[in-house]
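Working through the structure, step by step
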Amino acid sequence: MIEIVYFAWVRERIGLPRERIETKAATVAELVEELRAREERYAAAFADVSALRVALDQELSEFDAALSGVREVAFFPPMTGG
Amino acid sequence: MKISVQEGPFDAGAELDAFSHGRQEVGAVVSFTGIVRDREGGLIAMEIEHYPGMTEKAIGEIAEQARARWNLADLVVIHRFGSLPVGQPIMMVATAALHRRAAFEAAEYLMDYLKSRAPFWKKEVTQSGAHWVEATPEDEDALSRW
């Protein structure tokens, strides 16, 4: 089981802030493919991954990163703090 | 070193006073306060979302980088989240160093990194609807000078 969290417009498009899923994905990119295939709202949120950022266990990461041992994956648009 | 991620307001003047008070080892204190501005008219509030846990961790790492690189005596980062009306302070940074240049540079570094590496997202709620603020290429470019 892996915890997936969504922020900002990714959260709005998918319609939930977090969920736990069972996945066999080995990388973030494979997880994105699985999610995209689920429902239209996921396909909409992940239509353009270049517009997204990913964090693994609360550290910024890359879409080709491996998921082994990861407990929490977060997807969000580029950050706008300050 | 003080790092605060908070929903409630803060008093930038009081924070700066407390930060500067009684220091004898530093020659320079610099502070920056960011305020909710109404760029195009019609802004009702700025809604700021963040990633609890990662936010504190990311700010802590950025702050530690700044402290080490400019040999800061101390620093403050306060960043709010939630719904903030126009004119309210969103965030502040303050740095204390031996010399002015280090204090200014460290404050700018903190600001540049907080803008695009701390997990906050701003949404402008206006009279004609709400929209997410988009990051700009300039935000990312700002990091390249460090």
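Above this text you will find the structure in question.
The structure contained in this document is the topic of the report that follows. All values derive from a computational prediction rather than experimental measurement. (Residues numbered from 1 in each chain as written. Chains lettered and ligands numbered in written order. Predicted model: local features only at pLDDT ≥ 70, side-chain atom pairs only at ≥ 80, totals over all residues.)

1. So, the overall build of chain A
Check the secondary structure of chain A and you find three helices and five strands. Traced from its N-terminal end to its C-terminal end, chain A shows the element sequence β-α-β-α-α-β-β-β. Taking 12 Å as the expected radius of gyration for a compact globule of 82 residues, we find that chain A reaches 12 Å, a close match to that expectation. If one aligns the C-alpha atoms of chain A with their principal axes, the spans along those axes are about 30 × 30 × 20 Å. Out of the 82 residues in chain A, the part that is buried amounts to 27%. Excluding contacts between residues fewer than 6 apart, the proportion of contacts in chain A whose partners are at least 24 apart in sequence is 53%. (Helix = DSSP H or I, 4+ residues; strand = E, 2+ residues; numbered from the N terminus. Rg over C-alpha atoms; globule rule 2.2 N^0.38 Å. Buried ≥ 20, exposed ≤ 12 C-beta atoms within 10 Å, placed from the backbone. Contact = placed C-beta atoms within 7 Å.)

2. Describing the overall build of chain B
Counting its regular elements, chain B contains four helices and eight strands. When the helices and strands of chain B are listed from N to C terminus, the series reads β-α-β-β-α-β-β-β-α-β-β-α. Here the C-alpha coordinates of chain B stretch approximately 50 × 35 × 30 Å along the principal axes. Out of the 146 residues in chain B, the part that is buried amounts to 32%. In chain B, the proportion of contacts linking residues at least 24 apart, taken out of those at least 6 apart, comes to 76%.

3. A word on the nonpolar core
In terms of nonpolar packing, the biggest core is built from 54 residues, with Phe7 of chain A together with Ile62, Ala66, Ala106 and Leu110 of chain B touching the most fellow members. With eight residues, the top contributor of residues to this core is helix 3 (residues 100-117) of chain B. When neighbours within four sequence positions are excluded, Ala66 of chain B is seen to be in contact with Leu72, Leu75, Ala106, Tyr109 and Leu110 of chain B. (Core = buried A, V, L, I, M, F, W, Y, C linked by C-beta atoms within 7 Å.)

4. So, the interface of chain A and chain B
Interfaces are often described in size by the accessible area the parts lose on coming together. Each side of the interface is counted separately: chain A has 13 residues, and chain B has 21 residues. Of all the elements in the fold, those that place two or more residues in the side of chain A that touches chain B are helix 1 (8-14) and strand 5 (72-76) of chain A. Classifying every residue of the side of chain A that touches chain B gives nine nonpolar, four polar and no charged. (Nonpolar A, V, L, I, M, F, W, Y, C, P; charged D, E, K, R; others polar.)

5. Some remarks on the sheet that holds strand 8 (residues 129-132) of chain B
Residue and element names in this part refer to chain B. Read from one edge of the open sheet, four strands run 5-3-7-8, paired in antiparallel fashion. Strands with a single pairing partner mark the edges of an open sheet, and in this sheet they are strand 5 (82-85) and strand 8. Within this sheet the neighbouring strands show an average axis-to-axis angle of 25°, counted without direction. Where strand 3 (residues 43-50) meets strand 7 (residues 120-126), seven bridges bridge the pair, whose relative direction is antiparallel. Among the inter-strand pairings, Glu47 is bridged to a residue of strand 7, identified as Lys123. (Pairing = 2+ DSSP bridges. Axes fitted to C-alpha atoms, helices over the stretch in contact; angles between N-to-C directions.)

6. Focus: the packing of helix 3 of chain B against helix 4 (residues 137-144) of chain B
Residue and element names in this part refer to chain B. At their nearest, the axes of helix 3 and helix 4 sit 9 Å apart, and the two run at 135° to each other. As summarised for this structure, helix 3 and helix 4 are arranged oblique, according to the angle between their axes. For helix 3 against helix 4, the interelement crossing comes out left-handed. Between helix 3 and helix 4, the residues in contact are Asp112, Tyr113, Lys115 and Ser116 and Asp139, Glu140, Ala142 and Leu143, respectively. Of the residues that constitute the contact of helix 3 with helix 4, the class distribution is three nonpolar, one polar and four charged. (Parallel < 35°, antiparallel > 145°, perpendicular 65-115°, else oblique. Left-handed = near helix turned anticlockwise from the far one by under 90°.)

7. Some words on helix 2 (residues 28-38) of chain A
All names here are of chain A. All of the buried residues along helix 2 are Val28, Leu31, Val32 and Leu35. Within helix 2, the buried residues cover an arc of 100° as seen down the axis, which keeps them to one side. Facing away from the buried side of helix 2 by over 90 degrees, the exposed positions are Glu33 and Ala37. Close packing links the buried residues of helix 2 with helix 3 (40-45), strand 3 (53-56), strand 4 (59-61) and strand 5. (Arc of directions from axis to C-beta.)

8. Examining unusual backbone geometry
Of all residues except glycine, most have a negative phi; of all peptide bonds, most are trans. Unusually for a residue other than glycine, Ala8 of chain A sits at a positive phi of about 55°. Relative to the assigned elements, Ala8 of chain A resides in helix 1.

9. Things to note about the sheet that holds strand 4 (residues 74-80) of chain B
Residue and element names in this part refer to chain B. On the basis of which strands lie adjacent, the open sheet formed by four strands has the order 1-4-6-2 and mixed pairing. Pairing within the sheet leaves two strands with one partner each, and these edge strands are strand 1 (2-6) and strand 2 (28-35). Taking the axes of each pair of neighbouring strands and ignoring which way they run, one obtains an average angle of 5° across the sheet. Across eight bridges, strand 2 lies against strand 6 (residues 89-97) in antiparallel orientation. Its bridge partner lying in strand 6, Val30 is registered against Thr95. Packed onto the sheet, helix 1 (residues 12-20) meets strand 2, strand 4 and strand 6 and runs at close to 15° relative to strand 6.

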